[in-house]
Structures are given as structure tokens and as C-alpha cells.
Amino acid sequence: VYVSATLSDFARERHVLHGGVLQDIRRLWDGRGVFFMAVDVRIGMSEEDPSAIARSLDELKKCSVFLCFIGEKYGVRVEDTSELCKTLPWIESMGGKSMVEIETAYATIIEPERFLRRAFVYMRDPSYVDLLPGAARGDYVEEDAQYVLALDAFKKRLKGVEGLPIVENYTEPEAVMKTVSRDLKRCMVSLYPKATRLRMCTVQRSCLLQYCREPVSHYYLDSDVAVRLSNYVAFGDRCVLNVMGAPGAGKTSMMRTWLNLFENKRAGGVFVFPHFDLGSAGVESARGLLRRLLFEMKKHFHLRAEVPTNYIQIQRTFLMWLRMATAKGKVVILIDGADGFDEPNDGIGAILDCIPRVLPTSLRMILTMETGSKAYDSVTKRVSYCKTLTIGTLSTVARRSIVESMVERVGKAAEDMDPRIVKQPGARNPLYLKVAS
């Protein structure tokens, strides 16, 4: 969602939008398997910079929804468009226009199909300025007559754009944000209907399994570690397995490598739910992950019931489906980076709250986290039994294997390897070897 508005006069709107409306929308849709992100390039600027228009348009191209707020400030003009004309010929006619007008022209005139029924304009009532203290009014109005005329012409052009929804003469930022929220919810429903969200869950699972199949050249899976993981899955005694290690110790690479081996050998009756943070746009919330787990269970076990959106209902449904699933066979839940969920009240505890304190006989749960992580305390508070598998330093054989693999990957012979690399103190860490090689 792209947000376009001048900088100094829309502080209140930005506060309500980013601090309330967008957070609510994100929580709602993240729980439905859709990651929601707002782009407002002016946040962090002390004043509007016309040279930022290239970055603004580049970000706007990646967005699906456009929100524009207009008051009594026209904003800074972009006088020099010569460099941009080389890649964006249409911008030649926009010389001397404001950044907001150029952004709006792109969304409503240049790329109308991209933002069809997903571009919205909200115009503030000019009388709003009269409610402000005298000293503050300078940030909300234009003093230059030419800028005032340019702003009036801009507003008239927008009102002439066919099919563009415009909210006019709002006076309270908090009130207009209710309209913004409704507009965004309608957009999200049209962009991601139920059938699309179900397909996205299937695609996400396929991506994660493909991620595990790709060879990890900078990790050496120790046979003892592999055996301990496989034994836990085969004979686990109703406990959670915490895989812990220092940053860069290879926890993710280890789980990728082991899961690929396990997937190739596992029996058909075992349901495996993997989660890896692939570093995409943001971090999936724990509640969003729970709902994705329900979607996958629904597909795997051919369930007819709908997946709820309310967290309380998600908890109840998960417990009910978990009993059914573990009665039919083994269930393995693997969550890499259990300490990486970013919401303080929506971390790994939100998932563990849905798990019985003593795991069902057929349930296995593997969590990876950094040594000393607070997530470990959340686990020990919520489940009765835990085991810990610590990923320690690499053996000399493992170090040499990793370096040889990395050297061969770039087309060199193993003999070209510098033998001193494996002897360095940092070589105990796989991430160090990946960089050093």
C-alpha cells in the first residue's frame, strides 16, 4: 500500500494511519496468510526532497493500492526530470509538478489498470487550517500564489478522473481513517479472495520444501545430530525439542538438510509442517503461522470445516484438529527461528498456548532458536517437558568438507583451498567459512 501526502501538514493523519489503521489491517490479513506492508517514503525525512521522486516511483510500481491525502500544501516541485526521462518518457510533461501530483498521475493516469478500483484520494477541508494555532498554520498552507494556483488545478484534474473515488472536505483525521480502513479491507478482499489464499498456502509449502531440497554447500550435517533428530521424531517422549546455537552456527542449514533427508524417507502417514523465515517482506506472525498450519491440515486430512480468523476460534479449532490428526498418525511441526517473531504479544507463546502442556503421543515439535533466547523461557513456561539439542562448534572434518564444497562451487579444485582457513578460530562457525571461502 503506497501512501502519498506532503510531509509537514499530515503528521496527525500519518500517526493514526500507521499507528492504528495499518496495524489493524496487517494483523487481520497476516492471520489469513497475506503479508501487508505500507510504503511511505517521506517518513524519516526532515523536509521533502524532490530528488527522491525516482525512489518514490520505483516503490510505487511494487504496490497494489494507492492512498493520497491532499490538504492546502502543494509540496515541493520536481523541476529537473531530464535524468528520469531516459527511463520514464511520460515524466517529461510533469516538470515543475509536485511529488504528490507526479505520484498520483502515475497511479491514476499512467498505470490506471494496476490501481483500478484501488486508488483513493482524501481531500481535507480548507477550513481545517482555521482550527490550528496561528504559529502552526504556516506548515499547512501555501504562501506562494503560484503554488496555490497549482494546487487548485491539481484538485480539479483529480475530480475529472473517471472512476476515481474522492472523499472531500473531511475535518477530523480520526474520522477519515474509518473510511480508509473500509477502503483497504474491500481492496484486500478483492485482491485475495478465499480461493486465492488457499492457493497461496499451497505455493508457500511448495516453496519451503524446495528451499530444503536445494543443496547447502556451507553446512556439514553431522551424522550424530541427524540420528538424534530422527530418533526424536521416531521415539519422542511427549516433549518439545529445542535446537539451540549461537548466531551463524548453522541451525537453519541443519534443519534444511535434515528435513530434506527425512522427507525422502518418511512414511506416507506422517504429516510434516515446516516453517522457515525466507527473508521476504517482513516476518510472519505466530498467529498467521497458526492459521497457515490449519489450512495445511485441512488439505492434508480432507477436512470440510472452515478455517477461522478469530484467534480464540483458531485455538479451539487447532486443538480439535490436532486430536484428530494425532489419532490418525504422526504430526511433526518444525519452526525455524522460533525467537524471530516480531510482535511482543504474538510470539512463539501464541502457538504454544494452543498446544497441550504434555504433548500428545503422536506429536513432535522442533523449535530452533539462539542460545539464551527469551523464546526458550516461553517454551519452558508453557510445556511440561523439553529437550535441548545444542549445535556446537564444527569438527575439523566438517570444516574441511564445507570449504571444499564452497571452493568447488566456484569452479576451483579442492587443492586450491587455503589450508589455513580451517585452522582459524572463527572457522568453528559455518557462516565464517562461507564468507572466508
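Shown above is the structure to which this text applies.
Reference entry: report on the structure contained in this document. (Residues numbered from 1 in each chain as written. Predicted model: local features only at pLDDT ≥ 70, side-chain atom pairs only at ≥ 80, totals over all residues. Heavy atoms only, no water.)

Take the overall build of the protein chain next. Secondary structure summary: the protein chain contains 15 helices and nine strands in total. A total of 437 residues make up the protein chain; the buried ones form 49% of that total. Within the protein chain, contacts between residues separated by at least 24 positions form 77% of all contacts whose residues are at least 6 apart in sequence. Surface summary for the protein chain: the accessible area is close to 21400 Å², and the carbon and sulfur share equals 52%. (Helix = DSSP H or I, 4+ residues; strand = E, 2+ residues; numbered from the N terminus. Buried < 20%, exposed > 50% of the residue type's maximum accessible area, 1.4 Å probe, protein only. Contact = heavy atoms within 4.5 Å. Areas by Shrake-Rupley, 256 points an atom, 1.4 Å probe, with all protein chains shown as cover.)

Time to look at the pairing of strand β7 (residues 331-335). Most of β7 is tucked away: five of the five residues are buried. Side chains of β7 alternate between two faces, with V331, I333 and I335 and V332 and L334 buried alike. Alignment of β7 against strand β8 (residues 363-370), held across five bridges, turns out to be parallel. Among the inter-strand pairings, I335 is bridged to a residue of β8, identified as L367. (Pairing = 2+ DSSP bridges.)

Another aspect to go through is the side chain of R42. For R42, the location among the structural elements is in the loop between α1 (11-30) and α2 (53-61). For R42, the side chain forms a polar contact with the main-chain oxygen of A5, separated by 3.0 Å. Not counting the four nearest positions on each side in its chain, R42 is found in contact with Y2, V3, S4, A5, T6, L7, R14, E48, M99, V100 and E103. (Polar contact = N/O pair within 3.5 Å; in protein donor to acceptor, adjacent residues only side chain to side chain.)

To continue, consider the packing of aromatic side chains. Taken as a whole, this structure holds ten aromatic pairs when the rule is applied. Ring centres 6.3 Å apart and planes at 50° place the aromatic pair F10 and F69 in the tilted group. With F10 in the loop between β1 (2-4) and α1 and F69 in strand β2 (residues 66-70), the pair connects residues that are 59 residues apart, well separated along the chain. Across this residue pair, the class does not change: F10 and F69 are buried. Ring centres of Y128 and Y140 lie 6.2 Å apart, and the angle between their planes is 50°; on these two criteria the pair is classed as tilted. Of this pair, Y128 sits in the loop between β3 (119-124) and α5 (145-159) while Y140 sits in the loop between β3 and α5, and the two are twelve residues apart along the sequence. Each of the two residues, Y128 as well as Y140, counts as buried. Linked through ring pairs, Y2, F66 and F115 together constitute an aromatic cluster. (Phe/Tyr/Trp six-rings, centres within 6.5 Å; stacked < 30°, edge-to-face > 60°.)

So, on to the sheet that holds β7. Spatially, the five strands line up as an open sheet ordered β6-β7-β8-β5-β9, and their pairing is parallel. Two strands in the sheet have a free side with no partner beyond their single neighbour: β6 (271-275) and β9 (386-390). The average undirected angle you get between the axes of adjacent strands in this sheet is 15°. Relative to β8, strand β5 (residues 240-245) is paired through six bridges, and the arrangement is parallel. (Axes fitted to C-alpha atoms, helices over the stretch in contact; angles between N-to-C directions.)

Bringing the packing of helix α8 (residues 223-235) against helix α9 (residues 251-265) into the picture now. Relative orientation of the contacting elements α8 and α9 amounts to 60°, with a least axis distance of 11 Å. Taken together, the axes of α8 and α9 are oblique relative to one another. When you trace α8 past α9, the crossing you get is right-handed. Packed against α8, whose contacting residues are V225, A226, L229, S230 and V233, the element α9 presents M254, M255, W258 and F262 at the interface. (Parallel < 35°, antiparallel > 145°, perpendicular 65-115°, else oblique. Left-handed = near helix turned anticlockwise from the far one by under 90°.)

Between its terminal C-alpha atoms helix α10 (residues 286-300) stretches 21 Å, which fits the 21 Å expected from 15 residues at 1.5 Å a residue. Burial of α10 is extensive: twelve of the 15 residues sit out of reach of the surface. Regarding α10, the residues found buried are A286, G288, L289, L290, R291, R292, L293, L294, F295, E296, M297 and K298. Positioned one or two residues after α10, H302 has a phi angle of 55°, which is positive. (Expected span 1.5 Å × (residues − 1).)

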